[in-house]
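Observations on chain architecture
The chain contents come next:
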Amino acid sequence: MEKDIFLVGQGLTRFGEHWDRSLLNLMDEATEAALKNSGLNALDVDLVIVANMLGERTNNQAHLGALASALLPHHPPALRIESACGSGAMALHTAAAYLESKRAETVLVIGVEKMTDVSVDEVSAALMGAADSELDAPSGLTFPGIFGLITQRYMHEYGLTREQLSLVSAVHHRQGKENPFAQFRFDVSPEKVTASPMVADPLRLLDCSPVSDGAAVCILSTTHRSELRLAASQIASDSVSITERASITSFSATRDAMQRALKEAEIDREEIRALETHDCFSMAAIINMEDLGFAEPGEGISVYERIHAGDYPTFVNKSGGLKSCGHPVAATGIKQMIDIAKQLGASKEQYGLAHNFGGACASCGIHILENLDASS
Ligand code: COA
């Protein structure tokens, strides 16, 4: 990084169904929590960046930058970022660019989404805005459908079984049970995942991240310091339509962003001791393990098999991931950073990584946090 950027404040609403709350209300709660947590004065914020994907479709609300700016007494400059489910990471990356270029000194980065005010059919159609409207949508695909195709192909190439796939959500639910901000805080057995209703063959209800409301806020600063320094902020892209890819069982945007992030942080992969990865569907979690380099191609499930058996350090999606925490799409990337910060604080480990993507990983953002108080 060109400059030292510190994570100085964090705030979160519980993810779930907030039928009685507005987008502004959710942003307000998370902002207030982050300012309180940072100990800063609201007037210290000189830029607000809001990540949001679906405001126009699910809440009839655009112009979220200006809307959020009014939460602060001095109405600082504000803008909105959209990159589908990867909007949160893109907003953090934009904040880092502002800070590195000295155009801002303290940036309030908000991720917010409110998806449950409309029917699941409407939200599924809105989410398809993250796919290609000419190549993907006309066939009637939804995102569970796209990841269903990816899963079928992966099972064909590598022989992954339905029973193995079910371990992923079982692990995420077990870990999310301990997280007070998670939408679903209960155990599900692998057998229950396998028996849950079919959504998009072979994906079942309990393979899918849910539809959620929520907001998350990180405050990044170059003038105020904390023990958490941003060691890398990298983004990468791929074709929006899966029909234009050479392979759909590996996501090149993850591989590219990971390679550059490790280089920027000047660390080896093995030094990452807290990892939040984008498990929008259980299949994605397995592919991510491979693309992030924690398993060989075709062997991503081995990480989950080992966690399930209690034989792997549980630093993967300790929060419960998108499956258990919920996935208010643009809030997820910011929430992952908060989870990493909490885990590094609790474990005193040095490095943690947040991996967030949009669509079928057509856009990807990776952030690495360094805990300067690490015991090592
Ligand atoms: N995991 C666990 N439980 C879930 C769930 C999920 N993903 N989705 C819904 N439920 C629960 C609900 O809480 C409800 O429980 P209750 O009966 O005890 O209240 C029950 O299952 C039925 O919920 P319902 O809202 O009727 O489900 P649905 O069939 O309308 O929606 C999905 C289920 C999987 C279709 C929906 O969650 C979905 O589309 N998920 C994917 C979202 C997505 O594509 N995100 C972008 C990723 S790229």
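Located above this text is the structure these notes cover.
About the thresholds
- Within each chain, residue numbers correspond to sequence positions counted from 1 in written order.
- With the structure being a predicted model, the display of local features is reserved for residues of pLDDT at least 70 and the display and counting of side-chain atom pairs for 80 or more, all residues being used for whole-chain, interface and lining totals.
- Just so you know, side-chain values use all the structure's heavy atoms and leave hydrogens and water out.
- Relative accessible area decides the class of each residue, using a 1.4 Å probe on protein chains only: under 20% of the type maximum gives buried, over 50% gives exposed, and in between gives partly exposed.
- Numbering of helices and strands starts at the N terminus; helices are DSSP runs of H or I of at least 4 residues and strands are runs of E of at least 2.
- Pairing between strands requires that DSSP locate at least two bridges from one strand to the other.
- For this purpose, a residue is taken to be near a molecule or strand whenever a single non-hydrogen atom of the residue falls within 4 Å of it.
- Nitrogen and oxygen atoms within 3.5 Å of one another constitute a polar contact, given that in protein one can donate a hydrogen and the other can accept it, and given that sequence-neighbouring residues count only through two side-chain atoms.
- Residue exposure ignores everything except the shown protein chains as possible cover, and the areas themselves are Shrake-Rupley values with a 1.4 Å probe.
- Charged residues are taken to be Asp, Glu, Lys and Arg, nonpolar residues to be Ala, Val, Leu, Ile, Met, Phe, Trp, Tyr, Cys and Pro, and polar residues to be all remaining types, Gly included.
- An arc is given here, and it is the one of the directions from the helix axis to the C-beta atoms.
- Contacts were defined at the residue level, with two residues in contact if any of their heavy atoms lie within 4.5 Å.

1. Thoughts on the pairing of strand β10 (residues 351-358)
Side chains on a regular strand alternate between the two faces of the sheet. Within β10, eight of the eight residues are buried, which leaves it mostly tucked inside the rest of the structure. Of the two faces of β10, the one carrying Y351, L353, H355 and F357 and the one carrying G352, A354, N356 and G358 are both buried. Taken together, the four bridges between strand β9 (residues 272-276) and β10 define a ladder with parallel strand orientation. In the strand pairing of β10, E276 is matched with A354. In this sheet, strand β11 (residues 363-371) lies alongside β10 in antiparallel orientation, the contact comprising eight bridges. Its bridge partner being in β11, H355 is matched across the sheet by I366. Here β10 folds back onto β11, and the loop between the two strands holds four residues, one of which, G359, carries a positive phi near 60 degrees.

2. Quick look at the site of the ligand
Close contacts around the ligand come from 15 residues, with V120, L205, C208, S209 and K323 the closest. S209 places a polar main-chain atom, nitrogen or oxygen, 2.9 Å from a nitrogen atom of the ligand. Between the ligand and the protein, one listed contact pairs a nitrogen atom with a backbone N or O atom of P210 at 3.5 Å. Look at the ligand: alone it shows 920 Å² of surface, and the protein chains cover 63% of it. Of all elements in the fold, only α5 (120-127) and α6 (143-158) reach the threshold of two or more residues within the shell around the ligand. For the shell around the ligand, the per-class residue count stands at 13 nonpolar, one polar and one charged.

3. So, helix α11 (residues 301-308)
I301, V303, Y304 and I307 are the residues of α11 that are buried. Taken end-on, α11 shows its buried residues confined to a sector of 155 degrees, consistent with a single buried face. As for α11, its buried residues are in contact with α7 (162-176) and α10 (282-291). A positive phi of about 75 degrees marks G310, the residue just after α11.

By themselves, these are just geometric observations and shouldn't be taken as functional.
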